[in-house]
Amino acid sequence: MALITYREALNQALREELDRDERVFIMGEEVGYFGGAFKVTDGLIAAYGEKRVRDTPISELTIVGAGVGAAMGGLRPVVELMTINFALLAIDQIVNTAAKARYMFGGQAKVPLVIRAPQGGGHQLGAQHSQSLEAYFLHCPGIRVAVPATAADAKGMLKYALRQEDPVMFLEHESLYGLKGEVPEDGEYLVPFGKANVLREGKDVTIVSYSKTVHDSLKAAETLENQGTDAEVIDLRTLNPLDIGTVIQSVKKTARAVVVYEGWLTGGAGAEIASRIYEAAFDDLDAPVQRVASADVPMPYNRHLEAAALPSPGQIVQAVERVM
Amino acid sequence: MALERERLAERAMHRLAEGELLELYRLMTLIRRFEDKVAEMYTRGKITGFCHLYAGEEAIAVGAIHGLYDKDYVVSTYREHGHCLAKGASPRAVMAELFGKATGISKGRGGSMHLFDPVLRFMGGYAIVGGGLPIATGLALSIAYKEDPEVVCCFFGDGALPQGAFHESLNMASLWKLPVIFVCENNFYGMGTLVQNAICQEELYRFADPYKIPGVRVDGMDVIEVYAAVSEAAARAREGKGPSLIEAITYRFRGHSMSDPAEYRSKREERIWQERDPIKRFRNLLLHERRIAPAVLDKIDQEEAAVVDDAVKFADESPEPPLSELTKNVYVED
Ligand SMILES: Cc1ncc(C[n+]2csc(CCOP(=O)(O)OP(=O)(O)O)c2C)c(N)n1
Ligand SMILES: [Mg+2]
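Just so you know, these numbers come straight off a predicted model, no measurement behind them. (Residues numbered from 1 in each chain as written. Chains lettered and ligands numbered in written order. Predicted model: local features only at pLDDT ≥ 70, side-chain atom pairs only at ≥ 80, totals over all residues. Heavy atoms only, no water.)

Caption draft 1: A look at the site of ligand 1. Taken together, 22 residues surround ligand 1, and among them A:Glu60, B:Tyr78, B:Arg79, B:Ala127 and B:Asn187 come closest. Each of chains A and B places residues near ligand 1. Note that a nitrogen atom of ligand 1 is positioned 3.5 Å from one of the side-chain N or O atoms of A:Glu29. Note that a nitrogen atom of ligand 1 is positioned 2.5 Å from one of the side-chain N or O atoms of A:Glu60. Taken together, the residues that form the shell around ligand 1 break down as eleven nonpolar, seven polar and four charged. (Near = heavy atom within 4 Å. Polar contact = N/O pair within 3.5 Å; in protein donor to acceptor, adjacent residues only side chain to side chain. Nonpolar A, V, L, I, M, F, W, Y, C, P; charged D, E, K, R; others polar.)

Listed below in structure tokens is the structure:
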């Protein structure tokens, strides 16, 4: 184990996979000589050269489309989109090609493409640079959606992504890059998709979350503990596949659930999770499932307005109080 | 072509009255002082988020917008403080926006990358690379549709050329002969990537050829040359002859944004470009060719410094937008 940041963990995963498998290569805007907009690929071009770490023009649609083509051609591309906001320029290739190819070609095509993208708000970057768009991809069958919350998961899940066969949206949170955690140095450390992580056991209420808001949920759980409420906190790790089993098991124990995420409240991943809880555990619930998410507004630049738009530990505590 | 361009610029220079020349000098000076002050305020934590400065590129915004009429439209990118000021925005309103205040030009909701003022026909800073070109094309469509006399001037960086939106916009604007001027600010870099590592054709103005529109390359450090090229393109657009592509060669004096130390370029390269400083160069021209007294220009320098100080004071003292208005304006009826 080593205490490293989420960013370093991702870098380590990329290095190990570049070493392990010659088919793995990285491409994206500023991933080479600039070291990546968030420095995740720092030092890789010096170590692996321009063939394995490729700077591209600002052409998101074709970067992703070429990633799909290269994957169909037998490679294992890691495409970095500088931020998720620019995935919207590539959404045609993500939805109409990457996610469809295997099925519409009768199971004969394979697109083992990993699309990495930072997302999230909180840095006053305004409406076009602060989005959390996991729900867009969750909606679409055929593409995996990974949302790691810790340094160890960032490493283990990225390595797993590069070893499985389906296209993956690998969504990192911009606020987590500097977060430190104990990470196994083992080159075979893999965190498989579809296995939620119970980060904190509790008997009174289930808080379900993923990505950055996992940490807000843990903070809220501490406050709640002082108030005498024992919260269980579940990190989903991936939204597709969705480990609803772990959630249902917990809800059957606690009879109360709060879903926390940073996407917009309306039509977000929380709606899907809440529905699954109702479908499987309606009779076990003592209160309606609550959602804590971002306000339904384009992100304002102003500091105070932005803070008010984002979910917070305080709001999670209040939501728990509503179900108790 | 270079010679013809210079002759065109020289004629333009003689056409411009002294008052106009001083106005160009004043605007460039304002933008430089403004950007220097923004950098200072950013360092002091008064301005946050992404912040891309225009220092070094002033001649493009000022020259180009002087080649337009007041009623013409401007569309820009996230590096748009200069375009917005050149279009006539009050430095107070722009500074207040960067401070996130309710008195800001976008009411504190947009920030540095999203300035907007419909009265000035400054139709927005867009932070998705290439995102402004289709908007400009559509604005031009609305003008042609209404048979109005205006034109649209659309600014974007070299980084936008590999985007589909660039090619789709040039094709559509040419096909429909829309009154739009595409001004590419070629400062040689995207963020850290050199143009030649991103674009197969380094002579960016040549991208006009496949779309059958005029394409010219101008010295973007020469305000008069930019002015002359844009006036010509605007006249053409107003006559219903369609769009033009102007590539203005320039250099940003600072990093890509406030968080970029620009380690990918050499000090020597920076020095060479500093020597071509568009403001110093224009000042020399005014002093030596137009025999303007140094005191006149010094006075402008002082006045603009005061204007910027006043803008900071205004921004600092302005109120924050109230929290109760978080969800206001998501829809028109709110
Ligand atoms: C679609 C999209 N992709 C990536 C980015 C991130 N990004 C912001 S500015 C920039 C470089 C743009 O360079 P250029 O167009 O030359 O403009 P300059 O900053 O040099 O004025 C990049 C890659 C973005 N904003 N939008
Ligand atoms: Mg550029």
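Caption draft 2: The arrangement of the coordination of the magnesium ion (ligand 2) in detail. Residues and elements named next belong to chain B. At the metal site, the magnesium ion (ligand 2) is ligated by Asp 158 (OD), Asn 187 (OD1) and Tyr 189 (O), and these contacts range over 2.0 to 2.2 Å. Read in sequence order, the donor residues for the magnesium ion (ligand 2) give the motif D-x28-N-x1-Y. Of this pair, Asp 158 sits in the loop between β3 (152-157) and α7 (164-175) while Tyr 189 is found in the loop between β4 (180-186) and β5 (215-219), placing the two residues 31 residues apart along the sequence. (Donors = N, O, S within 2.8 Å, 3.2 Å for Na, K, Ca; no water. Helix = DSSP H or I, 4+ residues; strand = E, 2+ residues; numbered from the N terminus.)

Caption draft 3: Looking closely at helix α3 (residues 60-72) of chain A. Residue and element names in this part refer to chain A. With 13 residues, α3 extends 18 Å from end C-alpha to end C-alpha; this agrees with the ideal 18 Å at 1.5 Å per step. Inspection of α3 places Glu 60, Ile 63, Val 64, Gly 65, Gly 67, Val 68, Ala 70 and Ala 71 among the buried residues, and these make up the whole buried set. Against the buried residues of α3 lie β2 (24-28), β4 (76-80), α4 (91-98) and β5 (114-119). Once α3 ends, the next one or two residues include Gly 74, with phi positive near 105°. (Expected span 1.5 Å × (residues − 1). Buried < 20%, exposed > 50% of the residue type's maximum accessible area, 1.4 Å probe, protein only. Contact = heavy atoms within 4.5 Å.)

Caption draft 4: Seen up close, the sheet that holds β3(B). Residues and elements named next belong to chain B. Taken in spatial order, the six strands make up an open sheet running β2-β1-β3-β4-β6-β5, and their pairing is parallel. This sheet does not close on itself; its edge strands, each paired only once, are β2 (122-126) and β5. Adjacent strand axes in the sheet meet at a mean angle of 20°, parallel and antiparallel pairs treated alike. Its contacts with the sheet put helix α8 (residues 223-238) on β4, β5 and β6 (244-249), and the angle it makes with β5 is roughly 155°. (Pairing = 2+ DSSP bridges. Axes fitted to C-alpha atoms, helices over the stretch in contact; angles between N-to-C directions.)

Caption draft 5: Representation of the state of the cysteines within the structure. Residue and element names in this part refer to chain B. The final tally for this structure, using the stated rule, is zero disulfides over all chains. Sulfur of Cys 84: no disulfide; nearest cysteine sulfur belongs to Cys 51 and is 13 Å away. Looking at Cys 84, the relative accessible area reads 0%, which means it is buried. Just so you know, Cys 184 is unpaired, no disulfide at all, and the nearest cysteine sulfur is the one on Cys 154, 10 Å from it. On the basis of relative accessible area, Cys 184 is assigned to the buried category, the value being 1%. (Disulfide = S-S within 2.5 Å.)

Caption draft 6: Quick look at the packing of helix α10 (residues 278-288) of chain B against helix α11 (residues 294-317) of chain B. Residues and elements named next belong to chain B. Remark: α10 packs on α11, axes separated minimally by 9 Å, with the N-to-C direction vectors making an angle of 145°. Two secondary-structure elements touch here, α10 through Arg 283, Leu 286 and Leu 287 and α11 through Pro 294, Leu 297, Asp 298 and Asp 301. Residues belonging to the contact of α10 with α11 are distributed by class as follows: four nonpolar, no polar and three charged.

Caption draft 7: Structural detail: the environment of B:Asp158. Residues and elements named next belong to chain B. The exposure class assigned to Asp 158 is buried, which follows from its relative accessible area of 3%. Beyond its immediate stretch of four places on either side in the chain, Asp 158 contacts Cys 184, Glu 185, Asn 186, Asn 187, Phe 188, Tyr 189, Gly 190, Val 195, Ile 199 and Leu 204. Only 3.2 Å separates the side chain of Asp 158 from the backbone nitrogen of Asn 187, close enough to count as a polar contact.

Remember, this is a structural readout, not a statement about activity or role.
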